[in-house]
Amino acid sequence: MAMELMKMPQLGESVTEGTISKWLVKPGDHVTKYDPLAEVMTDKVNAEVPSSFTGIIKELKADENQTLAVGEVICSIEVETAKTDNDNAEQAVSQNEENVDAPVTREVQQAAEPSRKARYSPAVLKLSQEHGIDLSKVKGTGNEGRITRKDLLKLVESGNLPKADEPSVISDPAPKEVAPQVSRQTSPVTNVPTAAGDKEIPVTGIRKAIASNMLKSKHEIPHAWTMVEVDASNMVKLRDNLKSDFKQKEGYNLTYFAFFVKAVAQALTEFPELNSMWAGEKIIQKKEINISIAVATEDALFVPVIKNADEKSIKGIAREIQELASKVKSGKLKAEDMQGGTFTINNTGSFGSVQSMGIINYPQAAILQVETIVKRPVVINDMIAVRDMVNLCLSLDHRVLDGLVCGRFLARVKEIIEKISKDNTSIY
């Protein structure tokens, strides 16, 4: 029997860590390849981690609610002998081939070593940024000299952190007395006074990820805000007339939100500046219109994506909204469901909000808050009428966008919504 190690997988772009929310196995359990081992939370997705091996669970290396970096061991599995023998035979053949080729390839491998070392893992990059470590000054202990997360943790514990213009250090320094050093943290530690009866709630991995993303957006993006008031009476009338038959025929709800998503997607084709991202020395204007929609649970917020929303009908958008919301609530949302968004719409009206200022979904350039539709008296042709009114609130990245183009974009969305009718608007 041989021991194999299961490691924390990377469950999405830019994901550097995951939190074990629930173990689905225990030591002594027999698992086959692809059996689910644990439920893992990241800032982007909840997912089950499948086993890469068939064997017996020997040890769980992490507790529930513990956060691990990508690549860290989560459990060990004792695999079956037949597989072990085959692996040993393949390894022996591989070693023999390496020994034969070694004199020829050693110089080539040495020449390639610097480029290999320069490929840092997301966990290494994150730690280096948090503690201000100059990675070019660190000698790694990993394969072919690569720097590992453990290398950086040893440096942080020792207090001997290499900075720019300092000599390089070995990642496993000799023990010595060093002055205590306070490392830089991604968010300040605040001492909050507590009193009898106060309740301390541990911060989960996904809540930390949300906090980190929100701070990054607010710190890097200069937010500006604007709002328009829209008469949605025609849209409300059309939807209310269709909703019963639609639900009976299609099996899911025809929501107001689907009409707003369609209107925004159409307006983005006419004002592609809002479908852009800041990239330092340039602005990237995205070709695809992929609408991120905010979906909340009791303790988290997810932003799945409706791909190519401008090419979909109102019915198709309504179906995707229902499917993505169901995935979020059942914990079955996948990493690919969260990727590729270019503009975000938040249905804040679903919980009664009438006006709000959204934080932009980094690195997008804008987010639109669709507020509650409420009946209000308005003046039409010098007469007072009761209409279904809604506020559309836009937060924008002022590095990418200015008030003029955003004002025109909102005016176009307003026009589309106000002109909806059974004569010019097809659900299918």
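Structural data are supplied above this passage.
Numbers given for residues are sequential positions, taken from 1 along each chain in its written order. Local features are withheld for residues below a pLDDT of 70 in this predicted model, meaning they are given only at 70 or higher, and side-chain atom pairs are given and counted only at 80 or more; totals for whole chains, interfaces and linings count all residues. Only hydrogens and water are set aside when side-chain values are computed; all heavy atoms of the structure are taken into account.

**What about unusual backbone geometry?**
Here comes step 1: Looking along the chain, the bond that leaves tyrosine 362 and enters proline 363 is cis, with omega of 5°.
Here comes step 2: A positive phi angle, close to 55°, is found at asparagine 381, a residue other than glycine.
Here comes step 3: Going along the chain from the N terminus, every DSSP run of H or I of four or more residues is numbered as a helix, and every run of E of two or more is numbered as a strand. For asparagine 381, the position within the fold is in the loop between strand E20 (374–380) and strand E21 (383–397).
Here comes step 4: Note on classification: 1.4 Å probe, protein chains only; a residue is buried when its accessible area is under 20% of the maximum for its type, exposed when over 50%, partly exposed between these limits. The exposure class of asparagine 381 is exposed, given its relative accessible area of 69%.

**Describing the layout of surface pockets**
Here comes step 1: Taken as a whole, the second largest pocket encloses approximately 650 Å³ of empty space.
Here comes step 2: Together, 26 residues line the second largest pocket, and Phe257, Ala294, Ile321, Asn347 and Ser350 are the ones closest to its centre.
Here comes step 3: If you list the elements that add at least two residues to the lining of the second largest pocket, you get helix H6 (256–270), strand E15 (295–296) and helix H7 (314–330).
Here comes step 4: Among the elements that take part in the lining of the second largest pocket, H7 stands out by supplying six residues, more than any other.
Here comes step 5: Three categories are distinguished: nonpolar for Ala, Val, Leu, Ile, Met, Phe, Trp, Tyr, Cys and Pro, charged for Asp, Glu, Lys and Arg, and polar for the others, with Gly belonging to the last. Looking at the lining of the second largest pocket residue by residue, the classes come out as 15 nonpolar, nine polar and two charged. Grid points spaced at 1 Å over the protein atoms alone were grouped into cavities, where a 1.4 Å probe fits but cannot get out, and pockets, open sets with protein on both sides within 12 Å along at least five of seven lines, with lining residues defined by an atom within 4 Å of a point. Grid points are joined across faces, edges and corners, and a volume is the space filled by probe spheres set on the points.

**Overview of the sheet that holds strand E7 (residues 67–69)**
Here comes step 1: Reading across from one edge, E5-E4-E2-E7 is the order of the four strands in this open sheet, with antiparallel pairing throughout. If you trace the sheet from one side to the other, it starts and ends with strand E5 (46–50) and E7, each paired once. Averaged over all pairs of adjacent strands, the angle between their axes in this sheet comes to 40°, without regard to strand direction.
Here comes step 2: The pairing of strand E2 (residues 17–23) with strand E4 (residues 36–41) spans four bridges and is antiparallel. Residue pairing for E4: lysine 22 is matched across the bridge by glutamate 39. A pair of strands is labelled paired if DSSP reports no fewer than 2 bridges between them. To define axes, lines are fitted to C-alpha atoms, for helices over the stretch in contact only, and angles between the resulting N-to-C directions are given on a 0 to 180 degree scale.

**Observations regarding the sheet that holds strand E3 (residues 30–31)**
Here comes step 1: Strand order across the open sheet formed by four strands is E1-E8-E6-E3, with antiparallel pairing between neighbours. Lying at the two open borders of the sheet, with one neighbouring strand each, are strand E1 (2–7) and E3.
Here comes step 2: For E3 and strand E6 (residues 55–60), the ladder comprises two bridges, and the chain directions are antiparallel. The residue of E6 that forms the bridge with histidine 30 is isoleucine 56.

Geometry only, nothing functional implied.
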